[in-house]
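Residues per chain are reported as follows:
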Amino acid sequence: NAGVMQNPRHLVRRRGQEARLRCSPMKGHSHVYWYRQLPEEGLKFMVYLQKENIIDESGMPKERFSAEFPKEGPSILRIQQVVRGDSAAYFCASSTKETQYFGPGTRLLVL
Amino acid sequence: GESVGLHLPTLSVQEGDNSIINCAYSNSASDYFIWYKQESGKGPQFIIDIRSNMDKRQGQRVTVLLNKTVKHLSLQIAATQPGDSAVYFCAENKDTGYALNFGKGTSLLVTP
């Protein structure tokens, strides 16, 4: 059983470009969470989704950030018009309402 | 606001010794707690969890203790090995299926 998959593992963008981060949950998991981690910091919750529904987006900035988890395909975290402050590691986790299992993360660098 | 915090940012132990990593939480409504291990460049790896109706739970070489009276959580690692070197995070939430609130982490360094 493959774990949580994320791609790309590393992403470099220039200011003003768009970043699209993908997450494929573990097989059988219908709950997906996105977290952001700055260097030497803990993970900060961004958004919690179930299939085709956003359940809680209280941790996601209101502007430029969006997330989806379509019926088919991976969950996508989209950051429009990236700024240097968006540079961080973005982790996806999935669960079946028990333990959250994390993917390897996408490290975004904004130049 | 509500927060989860760790007492010590770094912990150095000798190989073979036992390690204890502590965590304080402030949300008295929290009923689910979890420990993760994160190695450099990797995602958090589940270690062990515990619900608020328990005081202690044991896994392989690890034990989690929960003291709800003082809102304190600890992770004990027996016979610490070099492979245990990593950053350890405690996290909590009000129920499974909800967002986890992470502490800042404790860096564990195991010396030979």
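A.B. asks: Can you help me understand the overall build of chain A in this one?
C.D. replies: The helix and strand inventory of chain A stands at 0 helices and 11 strands. When the helices and strands of chain A are placed in sequence order, the string is β-β-β-β-β-β-β-β-β-β-β. Its C-alpha atoms give chain A a radius of gyration of 13 Å, within 12% of the compact-globule value 13 Å for 111 residues. Relative to its full complement of 111 residues, chain A shows a buried share of 43%. Contacts in chain A between residues at least 24 apart in sequence constitute 52% of all its contacts with a sequence separation of at least 6. In the form shown here, chain A has an accessible surface area of approximately 5800 Å², with 47% of it arising from carbon and sulfur atoms. Both charge centroids of chain A, one from 17 positive and one from 11 negative side chains, sit 6 Å from each other.

A.B. asks: What am I meant to see in a nonpolar patch on the surface here?
C.D. replies: A grouping of A:Val12, A:Leu109 and A:Leu111 is seen on the molecular surface, where their side chains present a nonpolar patch of about 250 Å² in accessible area. Counting through the fold element by element, A:Val12 comes out in strand β2 (residues 10–13).

A.B. asks: Before we go on, may I ask you to explain the interface of chain B and chain A in this structure?
C.D. replies: You'll often see interface size given as the accessible area lost when the parts meet. Chain B puts 20 residues into the contact, and the matching count from chain A is 19 residues. For the chain B and chain A pair, buried surface summed over both sides reaches about 1600 Å², with 51% attributable to carbon and sulfur atoms. Linking chain B to chain A there are 0 salt bridges. The set of elements that each furnish at least two residues to the side of chain B that touches chain A consists of β4 (32–38) and β5 (45–51) of chain B. Its residues placed into classes, the side of chain B that touches chain A shows 10 nonpolar, 6 polar and 4 charged.

A.B. asks: Could you clarify how one ought to interpret the state of the cysteines in this entry?
C.D. replies: Covalent bonding between the sulfur atoms of two cysteines defines a disulfide. Residues and elements named next belong to chain A. Summed over all chains, the structure comprises 2 disulfides over all chains. Here Cys-23 connects covalently by a disulfide to Cys-92, the sulfurs 1.7 Å from one another. Across the disulfide from Cys-23 to Cys-92, rotation about the S-S bond amounts to roughly -50°, and the bridge is consequently left-handed. Here Cys-23 is found in strand β3 (residues 19–24), whereas its partner Cys-92 is found in strand β9 (residues 88–95), with 69 residues between them in sequence. The same class applies to Cys-23 and to Cys-92, which are both buried.

A.B. asks: Help me understand the side chain of A:Ser87 in this model?
C.D. replies: Residue and element names in this part refer to chain A. Examined against the element boundaries, Ser-87 turns out to sit in the loop between β8 (75–79) and β9. Polar side-chain contacts of Ser-87 include one of 2.8 Å to the backbone nitrogen of Val-110. Those residues in contact with Ser-87 that lie beyond four places of it in its chain are Leu-38, Leu-108, Leu-109 and Val-110.

A.B. asks: Even after reading the chapter, I still don't get the pairing of strand β11 (residues 106–111) of chain B, so can you show me in this structure?
C.D. replies: As a general feature of sheets, a regular strand has side chains that alternate between the two faces. All names here are of chain B. Alternating residues of β11 divide into Thr-106, Leu-108 and Val-110, all buried, and Ser-107, Leu-109 and Thr-111, none buried. With 5 bridges connecting them, strand β2 (residues 10–14) and β11 associate as parallel partners. Looking at the pairing, Val-13 lines up with Val-110 of β11. Of the pairings in the sheet, the one linking strand β9 (residues 86–93) to β11 comprises 3 bridges and is antiparallel in character. The residue bridging Ala-86 from the neighbouring strand is Leu-108, located in β11.

A.B. asks: I would appreciate a short explanation of the side chain of A:His29 in the present structure.
C.D. replies: When you line up the elements, A:His29 lands in the loop between β3 and β4 (31–37). Looking at A:His29, the relative accessible area reads 12%, which means it is buried.

Thresholds applied
- Think of each chain on its own: its residues are numbered from 1, step by step along the sequence as written.
- Chain letters start at A and ligand numbers start at 1, both assigned in the order the entries are written.
- This being a predicted model, a pLDDT of at least 70 is required before a residue's local features are given, and a value of 80 or more before pairs of side-chain atoms are given or counted; all residues contribute to the totals for chains, interfaces and linings.
- As a rule here, side-chain values cover all heavy atoms of the structure and leave hydrogens and water aside.
- A helix here means a DSSP run of H or I that spans at least four residues, while a strand means a run of E at least two residues long, and both kinds are numbered starting from the N terminus.
- Only C-alpha atoms enter the radius of gyration, while the globule expectation follows 2.2 Å times N to the 0.38, with N the number of residues.
- Type-normalised accessible area, obtained with a 1.4 Å probe on protein chains alone, sets the label of each residue: buried when under 20%, exposed when over 50%, and partly exposed for intermediate values.
- Contact between two residues is taken to exist if any of their heavy atoms lie within 4.5 Å; hydrogens are not considered.
- In this description, accessible areas are obtained by the Shrake-Rupley approach with a 1.4 Å probe, and a residue is regarded as covered only by the protein chains that are shown.
- A positive count includes Lys and Arg, and a negative count includes Asp and Glu. His and the chain ends are not counted in either.
- Charge coordinates come from a single atom per side chain, which is NZ of Lys, CZ of Arg, CG of Asp or CD of Glu.
- In this scheme, patches are assembled from residues that exceed 30% relative accessible area and form no salt bridge. Like charges are connected within 9 Å, while nonpolar side chains (Val, Leu, Ile, Met, Phe, Trp, Tyr) are connected within 5 Å.
- Salt bridge, as used here, is a side-chain nitrogen of Lys or Arg placed within 4 Å of a carboxyl oxygen of Asp or Glu.
- Two parts placed together each lose some accessible area; with a 1.4 Å probe, that loss summed over both constitutes the buried area.
- As a working rule, the residues Ala, Val, Leu, Ile, Met, Phe, Trp, Tyr, Cys and Pro are called nonpolar, Asp, Glu, Lys and Arg charged, and the rest polar, with Gly in that last group.
- By disulfide we mean two sulfur atoms from cysteines, separated by a distance within 2.5 Å.
- For the purposes of these results, a polar contact is taken to be a pair of N or O atoms within 3.5 Å, where, inside protein, one atom must be able to donate a hydrogen and its partner to accept one; residues adjacent in sequence count only when each atom of the pair is a side-chain atom.
- A pair of strands counts as paired when DSSP detects no fewer than two bridges linking them.

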